[in-house]
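# Notes for the structure review
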Amino acid sequence: MKIATWNVNSVKARIDTVTQWLKDAAPDVVCLQEIKCMDDAFPRGVFEDLGYNCAVHGQKTYNGVAILSKRPLEDITCGLPGGEDDIHARYIEAVVSGDKGVIRIASVYAPNGNPLGSEKFIYKLGWMERLHARAAEILTYEEPAALMGDFNVIPTDDDCHDPAVWRNDALFQPQSQAALRTIEHLGWQDAFRACDATPHRYTFWDYQAGAWQKDHGIRIDFVLLTPQATDRLKTCSIDKRVRAWDKPSDHVPVIAEIDV
DNA sequence: ATGCCGACAGGATGTCGA
């Protein structure tokens, strides 16, 4: 099963790019982030015509996540547990049946958290603690599962072009890096790093200052796998071609092949 | 030291992103 994640930076503004990529890459499951629309404005019909079922947790203007799947989506849950006052649409989880078993899939859009010292940074760290709790809960199921999405954390110096540029950014703070690392240490594997140890492989390039042309990117989009999924991991790659297409998102898809 | 670019809501330009 080919599973993927992609922060599309508005599904409506990106619909032609997204459909072109779906036809080209033909993933079985895709987690989308930053769809930036309500559920009823989601272009469900376009994806259904391409053979995908849709689970959507939308929000007007900001955030919004979805899961597209060629196979039925079951046990759909919207929202990250523990956030009764949290109105941001940043998490959706579902179960997909493969040929050889089921895999639990979550589409994750972690908060940006800038600027430092603001309520936004506090919110980022609190949200990551809630994600940690859900990640720990999923591990107890002892089943193949994937947390996929835009985690808004640059894990190491090797995941950006120049660490000095990011020193005062929320994505590069020790607390942010620790939040991601603590989830990984529960037993979640960064699928890309399991397959490719090459430094300076990026999933995001800013629209500004010629970042793409200069390869000044960051790696902040991940596929995290439970041990049961990691055992079935065949490949994981970053589809950076897409960043050079017309009207690109500033993020590119990450694709993993799992033997389920 | 700051903006660069782009989407959005709304109807000008401020907010947000990373």
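Residues numbered from 1 in each chain as written. Chains lettered and ligands numbered in written order. Predicted model: local features only at pLDDT ≥ 70, side-chain atom pairs only at ≥ 80, totals over all residues. Heavy atoms only, no water.

The line we're drawing: UniProt positions are given in the numbering used here, feature names are shortened, and annotations may be inferred rather than shown by experiment.
In the annotation of an unreviewed UniProt entry, chain A is listed under the name Exodeoxyribonuclease III and assigned to Rhizomicrobium electricum. For the record of chain A, the UniProt heading Sequence similarities (unreviewed entry) holds the text "Belongs to the DNA repair enzymes AP/ExoA family." Quoted verbatim from the Cofactor (unreviewed entry) field of UniProt, the annotation for chain A is "Mg(2+)".

## Concerning the protein's contact with DNA strand B
Condition: A cutoff of 4 Å decides nearness: a residue is near a molecule or strand if any of its heavy atoms lies inside that distance of it. Think of a polar contact as two N or O atoms within 3.5 Å of one another; within protein, one of them needs to be a possible hydrogen donor and the other a possible acceptor, and neighboring residues in sequence only count if both atoms come from side chains.
Taken together, 24 residues sit near DNA strand B, with Ser 10, Glu 34, Asn 112, Gln 208 and Ile 218 positioned nearest. Counting only the atoms of DNA strand B within 4 Å of the protein, the fraction contributed by sugar and phosphate is 69%. In this structure, a phosphate oxygen belonging to DNA strand B sits 2.2 Å away from a side-chain N or O atom of Ser 10. In this structure, a phosphate oxygen belonging to DNA strand B sits 3.3 Å away from a side-chain N or O atom of Asp 150.

## Comments concerning the packing of helix α3 (residues 119-139) against helix α5 (residues 174-186)
Each pair of packed helices can be summarised by the angle the axes make with each other and by the distance between the axes. Operational definition: For helices, the fitted line uses only the C-alpha atoms of the stretch in contact; every axis is such a line through C-alpha atoms, and the angle between N-to-C directions lies from 0 to 180 degrees. Numbering goes from the N terminus for both helices and strands, where a helix is a DSSP run of H or I of at least four residues and a strand is a run of E of at least two. Any angle between 65 and 115 degrees counts as roughly perpendicular, while under 35 counts as roughly parallel, over 145 as roughly antiparallel, and the rest as oblique. Whether two residues are in contact is decided by their heavy atoms, any of which lying within 4.5 Å being enough. Here the nonpolar group is Ala, Val, Leu, Ile, Met, Phe, Trp, Tyr, Cys and Pro; Asp, Glu, Lys and Arg are the charged ones; every other residue, Gly included, is treated as polar.
Here α3 crosses α5 at 5°, and the two axes come no closer than 9 Å. By the angle between their axes, α3 is roughly parallel relative to α5. Across the interface between the two elements, Phe 121, Lys 124, Leu 125, Met 128, Leu 131, His 132, Ala 135, Ala 136 and Leu 139 from α3 touch Gln 175, Ser 176, Ala 179, Leu 180, Thr 182, Ile 183 and Leu 186 from α5. Its residues assigned to classes, the contact of α3 with α5 comprises eleven nonpolar, four polar and one charged.

## Focus on the nonpolar core
The nonpolar side chains of a soluble globular protein tend to be buried with one another. Put simply, the test is: Throughout this description, the term nonpolar core refers to a set of buried Ala, Val, Leu, Ile, Met, Phe, Trp, Tyr and Cys residues connected via side-chain atoms within 4.5 Å. In this scheme, a residue with accessible area under 20% of its type's maximum is buried, one over 50% is exposed, and one in between is partly exposed, where area comes from a 1.4 Å probe on protein chains only.
Grouped together as the largest cluster of nonpolar side chains are 54 residues, with contacts concentrated most on Ile 3, Trp 21, Leu 32, Phe 42 and Ile 105. Aside from chain neighbours lying at most four places away, what touches Ile 3 is Val 29, Ile 103, Ile 105, Ala 146, Met 148, Val 223, Val 254, Ile 255, Ala 256 and Ile 258. In terms of nonpolar packing, the next biggest core, distinct from the first, is built from 21 residues, Leu 139, Ala 145, Leu 180 and Trp 188 among them.

## Brief notes about the environment of Ala 25
Take Ala 25: it is sitting in helix α1 (residues 15-25). Accessibility expressed as a relative area gives 7% for Ala 25, which makes it buried. In sequence terms Ala 25 and Pro 253 are 228 residues apart; their C-alpha atoms lie 9.9 Å from each other.

## Here's the deal with the UniProt feature "domain: Endonuclease/exonuclease/phosphatase" (unreviewed entry) in chain A
Listed under "domain: Endonuclease/exonuclease/phosphatase" (unreviewed entry) in the UniProt record, and renumbered for this structure, are residues 4-251. Taken end to end, residues 4-251 is 26% helix and 25% strand, and its two terminal C-alpha atoms sit 13 Å from one another.

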